[in-house]
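Coordinates in review
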Amino acid sequence: MLSKNLQAMSKRQALFTQSLRTFSAEPSNAPPKRVAVTGAAGNIAYSILYRIDSEEFLGKNQRVILHLVDLPFAEKALTGVMAELHDCAFPLLDSVVCATNPTDGFRDVDYAFMVGAKPRGPGMERADLLKDNGQIFVGVGKAMADVAKRDCKTIVVGNPANTNCLILQNHAKGIPSENFTAMTRLDHNRALTQLALKTNSKVTDIKKMAIWGNHSPTMYPDVRNTTIAGKPALSLIDDDWKIKEFTPRVQKRGAEIIELRGASSAASAGSASIDHMRDWVSGSNEWQSVGILTDGSQYNVPAGLIFSFPVTSSNGKFQLV
Ligand code: NAX
């Protein structure tokens with residue numbers, strides 16, 4: 001009886017494995033891309049790493065070598081993260097590098113997710129993090145200048161993201177400043193969903209939304225050009241809701257999540273970082289929001305800031321709307 005059950009189980013297992021083989025990625029013979037994630041033992045990274053390896057960033061053929069970067073005290077946790085990645089048997093994951101110093105962490109890296117930083121606690125604003133986190137990005141920038149690929153594309157997630165990004169690109173000599181971006185995609189995604197909920201529509205119905213400014217409570221979610229299922233958003237929402245609920249909710253959504261969860265946003269931040277990097281690399285005609293370095297020629301914004309604008313993307317570059 002037992003052996004019959006086992007036989008049936010192994011038949012089912014064989015079918016399951018067959019169907020997995022049919023649907024799983026066939027890695028290409030192209031050289032693997034090296035992707036560094038800092039803060040790799042932390043919460044946000046935990047949700048990013050598995051999505052990088054499961055086709056969602058570089059597509060279903062591109063093999064990757066993951067660089068897990070964190071501080072020395074987190075070394076054991078890093079090996080735990082690596083062990084779990086191994087247990088996933090991702091077809092696209094070539095190998096994993098664990099690094100507790102930025103020089104090993106960024107060697108020959110093609111893409112960098114800069115997540116490693118101290119997160120906000122209850123009652124803290126992002127600016128409160130500047131002193132500790134700013135220092136981190138000086139060292140990381142110097143290491144990137146020494147060892148990262150010259151065309152490495154970087155997203156800064158660790159707060160205060162705009163300022164950290166500015167510090168980083170200043171110290172990463174030899175890598176073009178346009179390769180350093182700060183994440184406002186989470187704010188963008190938050191705005192999309194608030195609009196969808198309010199107008200009973202789908203997020204995919206919403207076009208031309210923009211986040212302007214700094215990733216802080218002063219950012220501005222702009223719906224003046226937005227359409228929802230082809231209609232102007234401003235004809236579907238009233239001013240009172242926009243001013244009193246929508247704008248402050250997007251600006252302070254991070255604090256709302258901390259209040260509700262008792263911890264800062266993690267899965268949504270990881271997901272937004274994948275959206276940002278995927279659209280940068282693969283291109284998208286949809287408006288996205290990205291923090292980029294200003295040169296004084298865009299929309300009267302002073303030069304030398306990392307500032308969020310609406311952009312589209314093609315050929316591995318963002319184009320300002
Ligand atoms: P965790 O505390 O869970 O993880 C942070 C990790 O970074 C830890 O493992 C820590 O050891 C590591 N770390 C610190 N300094 C490092 C360094 N110099 N090099 C490498 N690793 C280092 O925080 P988590 O929830 O993952 O948040 C990470 C950062 O994202 C925080 O600064 C947080 O404020 C920021 N956020 C940014 C968001 C955005 O939209 N831009 C939203 C979510 C989040 O608040």
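Residues numbered from 1 in each chain as written. Predicted model: local features only at pLDDT ≥ 70, side-chain atom pairs only at ≥ 80, totals over all residues. Heavy atoms only, no water.

**Focus on the sheet that holds strand E12 (residues 284-293)**
Read from one edge to the other, the open sheet built from nine strands follows the order E3-E2-E1-E4-E5-E6-E12-E13-E14, with strand pairing classed as mixed. In this open sheet, the two strands that pair with only one neighbour each are strand E3 (93-99) and strand E14 (317-320). Geometrically, the sheet is characterised by an average inter-axis angle of 35° between neighbouring strands, direction not taken into account. One ladder, built from three bridges, connects strand E1 (residues 33-38) with strand E4 (residues 111-114); its direction is parallel. Bridge pairing in E4 places Val35 opposite Tyr111. (Pairing = 2+ DSSP bridges. Helix = DSSP H or I, 4+ residues; strand = E, 2+ residues; numbered from the N terminus. Axes fitted to C-alpha atoms, helices over the stretch in contact; angles between N-to-C directions.)

**What about the site of the ligand?**
Every one of the 26 residues lining the ligand counts as a neighbour, but Asn43, Ile44, Asp70, Val157 and Asn159 are closest to it. Measuring from an oxygen atom of the ligand, one finds a backbone N or O atom of Asn159 at 3.0 Å. Taking 880 Å² as the accessible area of the ligand by itself, protein coverage stands at 88%. In terms of residue class, the shell around the ligand is made up of 14 nonpolar, nine polar and three charged. (Near = heavy atom within 4 Å. Polar contact = N/O pair within 3.5 Å; in protein donor to acceptor, adjacent residues only side chain to side chain. Areas by Shrake-Rupley, 256 points an atom, 1.4 Å probe, with all protein chains shown as cover. Nonpolar A, V, L, I, M, F, W, Y, C, P; charged D, E, K, R; others polar.)

**Some details on the packing of aromatic side chains**
If you walk through the whole model with that rule in mind, you get ten aromatic pairs. The interplanar angle of 90° and the centroid separation of 5.5 Å between the aromatic rings of Phe57 and Phe113 together place this pair among those described as edge-to-face. Note that Phe57 is positioned in the loop between helix H2 (43-53) and strand E2 (64-69) and Phe113 in strand E4, a separation of 56 residues in sequence. Under the relative-accessibility criterion, Phe113 is labelled buried at 0%. (Phe/Tyr/Trp six-rings, centres within 6.5 Å; stacked < 30°, edge-to-face > 60°. Buried < 20%, exposed > 50% of the residue type's maximum accessible area, 1.4 Å probe, protein only.)

**Points about helix H8 (residues 239-251)**
The terminal C-alpha atoms of H8 lie 17 Å apart, and with 13 residues this matches the ideal 18 Å at 1.5 Å per residue to within 8%. The largest bend in H8 comes to about 25°, at Glu245, with the proline Pro248 one to four residues further on. Among the residues of H8, Trp241, Lys242, Phe246, Thr247, Val250 and Gln251 are the ones counted as buried. Along its buried surface, H8 packs onto helix H7 (185-199), strand E8 (210-212), strand E9 (220-222) and helix H9 (253-261). (Expected span 1.5 Å × (residues − 1). Bend = angle between axes of the 7 residues up to and from the residue. Contact = heavy atoms within 4.5 Å.)

**Notes on helix H6 (residues 161-171)**
Taken residue by residue, H6 has Ala161, Asn162, Asn164, Cys165, Ile167, Leu168 and Gln169 as its buried positions. Close packing links the buried residues of H6 with E4, helix H5 (130-147), strand E5 (153-156), strand E6 (180-183), E12 and strand E13 (306-314).

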